[in-house]
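A structural walkthrough
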Amino acid sequence: AEAGETRSTSPTPRAIPRETEEIRPDKAARIEQRERRKERDRLARRVAKLEERIAEDEARKEAMTARLADPEVYADPARVQEIQAEASAIEAEIGAGYAEWEALSETLAELEVD
């Protein structure tokens, strides 16, 4: 700059759209929708994994029950007790899985309604 000239240090004002107030709520709504969709997808994946785990646990329990019907196993009281304890543990896992599945499914249903 030459002597006597002063430079403005303030930035050049940018053109601000008149609908600024309208754009921000719309963007916030899109962000909220995206977050809800991500949460819904995450919950749907968890529900699907739980359903798989419950099905596997039920198959394991069914196999335990079938083993109890085996005359050789049934003739061994210690073995019967061991299998029954294992089947009870699996049954507890199934119950916990169903409880979690129900809670997640309710939350997922609420997200899908909104």
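Residues numbered from 1 in each chain as written. Predicted model: local features only at pLDDT ≥ 70, side-chain atom pairs only at ≥ 80, totals over all residues. Heavy atoms only, no water.

**A few points about the pattern of salt bridges**
Pairing between side chains of opposite charge can happen when the charged atoms of each approach one another. Following the criterion strictly, the structure yields 9 salt bridges and no others. Of the charged contacts, one joins Glu35 and Lys38 as a salt bridge, the two residues approaching to 3.5 Å between their closest N and O atoms. Of this pair, Glu35 and Lys38 both sit in helix H1 (residues 20–68), 3 residues apart, roughly one helical turn. By relative accessible area, Lys38 is classed as partly exposed at 49%. Across the salt bridge formed by Glu91 and Lys61, the nearest N and O atoms sit 3.3 Å from each other. Here Glu91 is found in helix H3 (residues 77–113), whereas its partner Lys61 is found in helix H1, with 30 residues between them in sequence. (Salt bridge = Lys/Arg side-chain N within 4 Å of Asp/Glu carboxyl O. Helix = DSSP H or I, 4+ residues; strand = E, 2+ residues; numbered from the N terminus. Buried < 20%, exposed > 50% of the residue type's maximum accessible area, 1.4 Å probe, protein only.)

**Observations concerning the nonpolar core**
One recurring pattern in soluble globular proteins is that nonpolar side chains are buried together. With 7 residues, the main nonpolar core is built from Met64, Val73, Val80, Ile83, Ala87, Ile90 and Ile94. At 5 residues, the largest contribution of residues to this core is made by H3. Not counting the four nearest positions on each side in its chain, Met64 is found in contact with Ile83, Glu86, Ala87 and Ile90. Grouped together as the second largest cluster of nonpolar side chains are 6 residues, Leu43, Val47, Leu50 and Leu104 included. (Core = buried A, V, L, I, M, F, W, Y, C linked by side-chain atoms within 4.5 Å. Contact = heavy atoms within 4.5 Å.)

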